[in-house]
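If you want the building blocks of each chain, they are given just below.
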Amino acid sequence: MRTVCSTGLWVEPAAQAVDAHAAATATFSIPIEKITSTIAKPTGHKVVIASDAARNFDHSTKEAPMSFLKHLLAVCALITTVGTAHAEKITIAAAADLKFAMDDIVTTFKKANPADEVDITYGSSGKFHTQIQQGAPYDLFFSADIGFPRELAKSGFAASDVKPYAVGRIVLWSNSLDASKMTLAGLSDPKITRVAIANPKHAPYGKRAEEALRAAGLWEKVEPKLVYGESIAHTAQFVQTGNAQVGILALSLAINPELAGKGGYALIPDSLHAPLEQGFVITKRAAGNALAKRFADYMGSKTARAVMAKYGFVLPGDVVSK
């Protein structure tokens, strides 16, 4: 699309720009080509000059008329407006179990929205919950426990309703033992001396791991062996690096390419713990942020849902497999 200003200059996307400006080579010792390309570089637009001033460029003296320089200054402001009018940015706080799924979703989202910027920080849902209340600059919060965004909404820190986006599953995973045949009871084996779980105090997956161990009557036997990760991703690192022989991880991490080829996993029956119902919210900070709203809507698209299902998440409306 061409944007025209009253000076007789216009800008249009570089891929579409076919007109060249006057065959001038210098303006006050600075090549006009350099000036226009520098102006256009941040936006990807090409400057097209169609003014009498440009056409009347004095090739014998290599000087541009003052009127032409005024036109060039005018287009600077115009291009800045064109380049920034549609670009937006959001910052997302996401539970660590979403690492691979969310990366894929953002990639597909940006294909349709190349000018927009989406930054993501992964970590513990409980810590994000606290940080947002303290003013952390997050526009959307994806929590592994829907209770955290619900609390934010009740406290006035949300600009949207809380939306459930998935139910997570926990698994036993190991890269040194055959976890595919393992059960929770196996964690009491004296040969297993270190078991990794996320910190139950602030990580939903750690809380569900503790619930499952208690429900199975194994907490007292296994607790002395536990090492705690700050998030579920940190917990996976303990097992990957040999600092724990087995970990209770998120299914979404166990089946991602980085772990799937290095170890096996066994689902932990969901009857042993409360559901890992997950939800997100647009934060108060992002009230009126159009990009935040568009990304929130995109999470309900067929494309996003397919990605979530690929990483083992149970989607709203689907049945949890035991």
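As the structure is a computational prediction, the values presented were derived from the model and not from experiment.

(A) Quick look at the overall build of the protein. Of the regular secondary structure elements, the protein holds 13 helices and 13 strands. Relative to its full complement of 322 residues, the protein shows a buried share of 47%. Considering only contacts in the protein between residues 6 or more positions apart, those separated by 24 or more positions represent 74%. Accessible surface for the protein amounts to roughly 15,300 Å². Of this, 56% is attributable to carbon and sulfur atoms.

(B) Just the sheet that holds strand E13 (residues 276-282), in detail. Read across the open sheet, the five strands follow the order E5-E4-E6-E13-E7; overall the sheet is mixed. Among the strands making up the open sheet, the edge pair consists of strand E5 (117-123) and strand E7 (163-168). For this sheet, the mean inter-axis angle between neighbouring strands, taken without regard to orientation, is 15°. Two elements, strand E4 (residues 89-95) and E5, share seven bridges in a ladder whose sense is parallel. Bridging from a neighbouring strand, Thr91 pairs with Asp119 of E5. Here helix H5 (residues 125-133) sits on the sheet and contacts E4, E5 and strand E6 (140-143); the angle it forms with E6, its principal contact strand, is near 150°. Contacts from helix H12 (residues 290-298) reach E4, E5, E6, E7 and E13, with the element oriented near 45° to E4.

(C) Fine view of the environment of Ala96. Note that Ala96 resides in the loop between E4 and helix H4 (99-112). Take Ala96: its relative accessible area is 4%, and that puts it in the buried class. C-alpha of Ala96 to C-alpha of His234: the two residues are 138 residues apart in sequence and 8.5 Å apart in space.

(D) Main features of the packing of aromatic side chains. Tallying each qualifying case throughout the model produces eight aromatic pairs. A ring pair is formed by Phe109 and Phe295, whose centres lie 5.1 Å apart and whose planes are at 75°; its orientation type is edge-to-face. On the criterion of sequence distance, the pair formed by Phe109 in helix H4 and Phe295 in helix H12 is long-range, its members being 186 residues apart. Phe109 gets classed as buried once you look at its relative accessible area, which sits at 3%. Under the relative-accessibility criterion, Phe295 is labelled buried at 0%. Taking the centre distance of 6.3 Å and the plane angle of 70° together, the rings of Phe128 and Phe141 count as edge-to-face. Of this pair, Phe128 sits in helix H5 while Phe141 sits in strand E6, and the two are 13 residues apart along the sequence. On the accessibility criterion, Phe128 (4% relative accessible area) is buried. Through a chain of ring-to-ring contacts, three or more aromatic side chains come together here, namely Phe109, Phe142, Tyr165, Phe280, Phe295 and Tyr298.

(E) Summary view of the nonpolar core. Among the nonpolar cores identified, the biggest contains 69 residues, and Leu140, Phe142, Leu184, Leu187, Ile248, Phe295 and Met308 are the most heavily contacted of them. No other element matches H4, which puts six residues into this core. Among residues more than four places away in sequence, those in contact with Ile248 are Ile170, Val171, Leu172, Leu184, Leu187, Ala196, Ile197, Ala209, Leu213, Ile232, Thr235 and Ile268. By size, the runner-up hydrophobic cluster in this structure holds nine residues, among which are Ala93, Phe128, Phe141 and Val281.

(F) Representation of the sheet that holds strand E11 (residues 246-250) in the model. What the five strands build is an open sheet, ordered E10-E9-E11-E8-E12; its pairing is mixed. For this open sheet the edge positions go to strand E10 (226-229) and strand E12 (264-267), each flanked by a neighbour on one side alone. Direction aside, neighbouring strands of the sheet carry axes that sit 30° apart on average. By the bridge criterion, four bridges tie strand E9 (residues 195-198) to E10 in an arrangement that is parallel. Within the sheet, the bridge partner assigned to Ile197 lies in E10 and is Tyr228. Across the sheet, helix H7 (residues 204-215) touches strand E8 (170-174), E9 and E11, and the angle it forms with E8 is around 90°. Helix H9 (residues 232-240) rests against E8, E9, E10 and E11 of the sheet, and its axis sits at about 150° to E11.

The rules we used
Residues numbered from 1 in each chain as written. Predicted model: local features only at pLDDT ≥ 70, side-chain atom pairs only at ≥ 80, totals over all residues. Heavy atoms only, no water. Helix = DSSP H or I, 4+ residues; strand = E, 2+ residues; numbered from the N terminus. Buried < 20%, exposed > 50% of the residue type's maximum accessible area, 1.4 Å probe, protein only. Contact = heavy atoms within 4.5 Å. Areas by Shrake-Rupley, 256 points an atom, 1.4 Å probe, with all protein chains shown as cover. Pairing = 2+ DSSP bridges. Axes fitted to C-alpha atoms, helices over the stretch in contact; angles between N-to-C directions. Phe/Tyr/Trp six-rings, centres within 6.5 Å; stacked < 30°, edge-to-face > 60°. Core = buried A, V, L, I, M, F, W, Y, C linked by side-chain atoms within 4.5 Å.

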